[in-house]
Amino acid sequence: MIIEVKDLRKSFGSNEVLTGIDCSIAESEVVCVIGPSGSGKSTFLRCLNLLEEITSGEVVIDGNSLTDRRLKIDGVRAEIGMVFQQFNLFPHKSVIENIMLAPMKVRSLSQEQARERGRALLKKVGLAEKENAYPGSLSGGQQQRVAIARALAMEPKIMLFDEPTSALDPELVGEVLAVMKDLAQEGMTMVVVTHEMGFAREVGDRVLFLDGGVLVEQGTPTEIFDNPQESRTKNFLNKIL
Amino acid sequence: MAEGILTMERLLGFNWAGVIEFLPALTAGLYYTLFISVVGLAIGFVLGAFVGLGRISRFKVVYALATVYIEIIRGTPVLVQAIWIYFALPLIIQYTLPSVLAGVIVIALNSGAYIAEIVRGAVQSIEKGQTEAGRSLGMSRHMTMRHVVWPQAFRRMIPPLGNQFIISIKDTSLLSVILVPELIFQGRLVAANHFNAVEIYTTVALFYLAITLTLSGVLRLVEKRLESRS
């Protein structure tokens, strides 16, 4: 198991957002996390690369326990790509510079190697011609595809997606999902927090349903969407489908 | 009552051409004003950058030291700081600082405190998502600050920094009380000996204005250059 989560709890002050999550994710698995807003699904995702401190419990990524005090978190994060709802591209850097930065600084790639890798990734996400553009001049869908390319440039073993299409105009959602689908088919291990039930059903190997900080139910997309066992899952699906 | 009214004749009646004779003395003063401004602000900026980052440090001691420094400087007048460093400090350290060095120290320490607050504000104004994006790529705290947050924050610092630079340049005039031979110090020497206060002090004022207007112009150019790159 490349990701193992044991009794993960997370509190903000007295507010317990995650109340004991257990799950494990295998290599090349695509896991979609769904649930109502405020259910803790983004917090869960952010605990996987320690963007949120873990209150108690354990997260083990590829053999590294994130709660181990001796852990060098930067090294683990380099293996985990993350894509944010708000893209978070670096606005003062061009598209290619956005992609080249971390490989050069963290992986010590030369400028030429980083540029070559960046160009290949831009081609892959269909934005080869935008190499020298600045993020501010791109559409949301293009920005998110650059953000995916930027994460992939570190050649991560895992990709985390935090509602990657929620900030996009509806007509731009498809281009981002298409890139993610390609990635899934190449065997990338992916954890995707999403409201795109079509994507979860089609691309996901497994769906986790979170509500109130609890992992209420999990199963294959067919199990969750066509035959949910828990009433909370049924209620949620009734509201959105 | 005619002598109470400002007329063109009265203004022209002064010996404006005679100022030329005293330009070397004033230029010597201008040199010190510029020297102390440039060196003092350069040190002040470096100091301010570190102290400003200290104000957002997770280390409590660093934060406390930075805060104490800023509060002391902001809470006392520059004039008092200058007098203290030049006349009081030597009695404590048993060493008399040359007045120009004391002047540089005053401008550096004083501007450093205000620049620290400018730096802190600018760095904190950069969205948290930028840091998260940098860190999630495996970049260290330091790398993320240097390559992601700082360049963006720096752009936001330019207008308030320009303000502070202008204030500090004008503050150098107070250093005349600690005998720094800068612009207004020289002006007072000349005016006292030649009874041409109107001509000399007007010229001195124009010199200050020339420096600050040039600086404003340069800063506007820098801002435009940075803007066009994104």
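The structure this text deals with has already been given above.
Within every chain, residues take consecutive numbers counted from 1 along the sequence as written. For naming, the first written chain is A and the first written ligand is 1, with later ones following in the order written. Per-residue local features are limited, in this predicted model, to residues with pLDDT of at least 70; the limit for side-chain atom pairs, both in listing and counting, is 80 or more; totals at the level of whole chains, interfaces and linings are taken over all residues. To obtain the side-chain values, all non-hydrogen atoms of the structure were included, while hydrogens and water were left out.

Caption draft 1: How the structure looks around the interface of chain A and chain B. Residue contacts are counted whenever heavy atoms from the two residues lie within 4.5 Å of one another. With 24 residues of chain A at the contact, the number on the chain B side is 20 residues. Taken together, the two surfaces of chain A and chain B that pack against each other cover about 1,800 Å², and 62% of this comes from carbon and sulfur. We define a salt bridge as a contact between a side-chain nitrogen of Lys or Arg and a carboxyl oxygen of Asp or Glu at a distance within 4 Å. For the interface between chain A and chain B, the tally reads 2 salt bridges. We note a salt bridge from Glu132 of chain B to Arg46 of chain A, for which the minimum N-O separation is 2.7 Å. Counting of polar contacts relies on pairs of N or O atoms within 3.5 Å, with two restrictions inside protein: one atom must be capable of donating a hydrogen and the other of accepting it, and residues adjacent in sequence are counted only when both atoms are side-chain atoms. The interface formed by chain A and chain B includes 6 residue pairs in polar contact (both at pLDDT 80 or more). Counting from the N terminus, the helices are the DSSP runs of H or I reaching at least four residues and the strands are the DSSP runs of E reaching at least two. For the side of chain A that touches chain B, the secondary structure elements donating two or more residues are α2 (73–77), β6 (80–83), α3 (95–105) and α5 (140–152) of chain A. Accessible area, probed at 1.4 Å, shrinks when two parts are joined; the buried area is that loss added up over both.

Caption draft 2: Representation of the side chain of Thr165 of chain A in the model. Relative to the helices and strands, Thr165 of chain A is located in the loop between β7 (158–162) and α6 (170–185). If sequence neighbours within four positions are ignored, Thr165 of chain A has contacts with Val173, Val176, Leu177 and Glu196 of chain A.

Caption draft 3: A look at the packing of α3 of chain A against helix α4 (residues 111–124) of chain A. Residues and elements named next belong to chain A. Closest axis-to-axis distance for the α3/α4 pair is 9 Å, and the angle between their directions is 125 degrees. Between α3 and α4, the crossing angle belongs to the class labelled oblique. Here the hand of the crossing between α3 and α4 comes out right-handed. Packed against α3, whose contacting residues are Val95, Ile96, Ile99, Met100, Pro103 and Met104, the element α4 presents Gln111, Ala114, Arg115, Arg117, Gly118, Arg119 and Leu122 at the interface. Helix axes are fitted only over the stretch in contact, all axes being lines through C-alpha atoms; the angle between N-to-C directions runs from 0 to 180 degrees. Oblique is the label for any angle not covered by the other classes, which are roughly parallel (under 35 degrees), roughly antiparallel (over 145) and roughly perpendicular (65 to 115). Helix crossings are classified by the rotation of the near helix relative to the far one: an anticlockwise turn of less than a right angle makes the crossing left-handed, while a clockwise turn makes it right-handed.

Caption draft 4: Just the environment of Gly217 of chain B, in detail. All names here are of chain B. Inspection of the secondary structure assignment puts Gly217 in helix α9 (residues 197–227). With relative accessibility at 28%, the residue Gly217 sits in the partly exposed group. Put simply, Gly217 and Asn15 are 202 residues apart on the chain and 32 Å apart in space, counted from C-alpha to C-alpha. Relative accessibility thresholds used throughout: buried, under 20% of the residue-type maximum; exposed, over 50%; partly exposed, between the two (1.4 Å probe, protein chains only).

Caption draft 5: Geometry of the packing of aromatic side chains. Each aromatic pair joins two rings of Phe, Tyr and Trp (for Trp, the six-membered one) with centres within 6.5 Å, and gets the label stacked for planes under 30 degrees apart, edge-to-face for over 60, and tilted for any other angle. Across all of its chains, the model carries 6 aromatic pairs over all chains by this definition. Consider the rings of Phe45 of chain B and Phe154 of chain B, whose centres lie 6.3 Å apart with planes at 80 degrees: the pair is edge-to-face. Here the residue Phe45 of chain B occupies a position in helix α2 (residues 23–54), and Phe154 of chain B occupies one in helix α7 (residues 141–171), the gap between them amounting to 109 residues. A relative accessible area of 30% means that Phe154 of chain B is categorised as partly exposed. Between the aromatic rings of Tyr86 of chain B and Phe87 of chain B, the centroid separation amounts to 4.8 Å while the plane-to-plane angle is 80 degrees, which identifies the pairing as edge-to-face. Since its relative accessible area comes to 44%, Phe87 of chain B is described here as partly exposed. One cation-aromatic arrangement involves Lys10 of chain A over Phe12 of chain A; the distance from NZ or CZ to the ring centre is 4.8 Å. In this arrangement the basic side chain of Arg150 of chain A is found over the ring face of Phe90 of chain A, its NZ or CZ atom lying 4.4 Å from the centre. Whether a charge sits over a ring depends on NZ of Lys or CZ of Arg being within 6 Å of the ring centre and within 35 degrees of the ring normal.

Caption draft 6: Seen up close, the pairing of strand β8 (residues 189–193) of chain A. Residues and elements named next belong to chain A. The buried count for β8 comes to 5 of 5 residues, which makes it a mostly enclosed element. Judged by which residues are buried, β8 turns out to be covered on both faces: Thr189, Val191 and Val193 on one side and Met190 and Val192 on the other are all buried. Strands qualify as paired when DSSP identifies two bridges or more between them. Bridging between β7 and β8 involves 5 bridges; their strand directions are parallel. Bridge pairing in β8 places Leu160 opposite Val191. The handedness rule is simple: strands pointing away from the viewer, and a clockwise path from the first strand over the helix to the second, make the crossover right-handed. What joins β7 to β8 is α6, and the crossover it makes is right-handed.

Caption draft 7: Region of the structure containing a nonpolar patch on the surface. Residue and element names in this part refer to chain B. Candidates for patches are residues over 30% relative accessible area with no salt bridge; among them, like charges are joined within 9 Å and nonpolar side chains (Val, Leu, Ile, Met, Phe, Trp, Tyr) within 5 Å. Using a 1.4 Å probe, the Shrake-Rupley method yields the accessible areas, and only the shown protein chains count as cover for residues. A cluster of nonpolar side chains, contributed by Leu6, Met8, Leu11, Leu12, Phe14, Trp16 and Val198, occupies part of the molecular surface with about 670 Å² of accessible area. Of the residues forming the nonpolar patch, the biggest block, 3 residues, is contributed by helix α1 (residues 8–12). Examined against the element boundaries, Phe14 turns out to sit in the loop between α1 and α2. By relative accessible area, which is 33% here, Phe14 ends up partly exposed.

Caption draft 8: Quick peek at the state of the cysteines. Residues and elements named next belong to chain A. Cysteine sulfur pairs qualify as disulfides if the two atoms are within 2.5 Å. All chains considered together, the criterion is met by 0 disulfides over all chains. A disulfide-free cysteine, Cys32 has its sulfur positioned 13 Å from the sulfur of Cys23, the nearest such atom. A relative accessible area of 0% places Cys32 in the buried class. Free of any disulfide, Cys47 has its nearest cysteine sulfur in Cys23, 11 Å distant.

The values are spatial; any link to function lies outside them.
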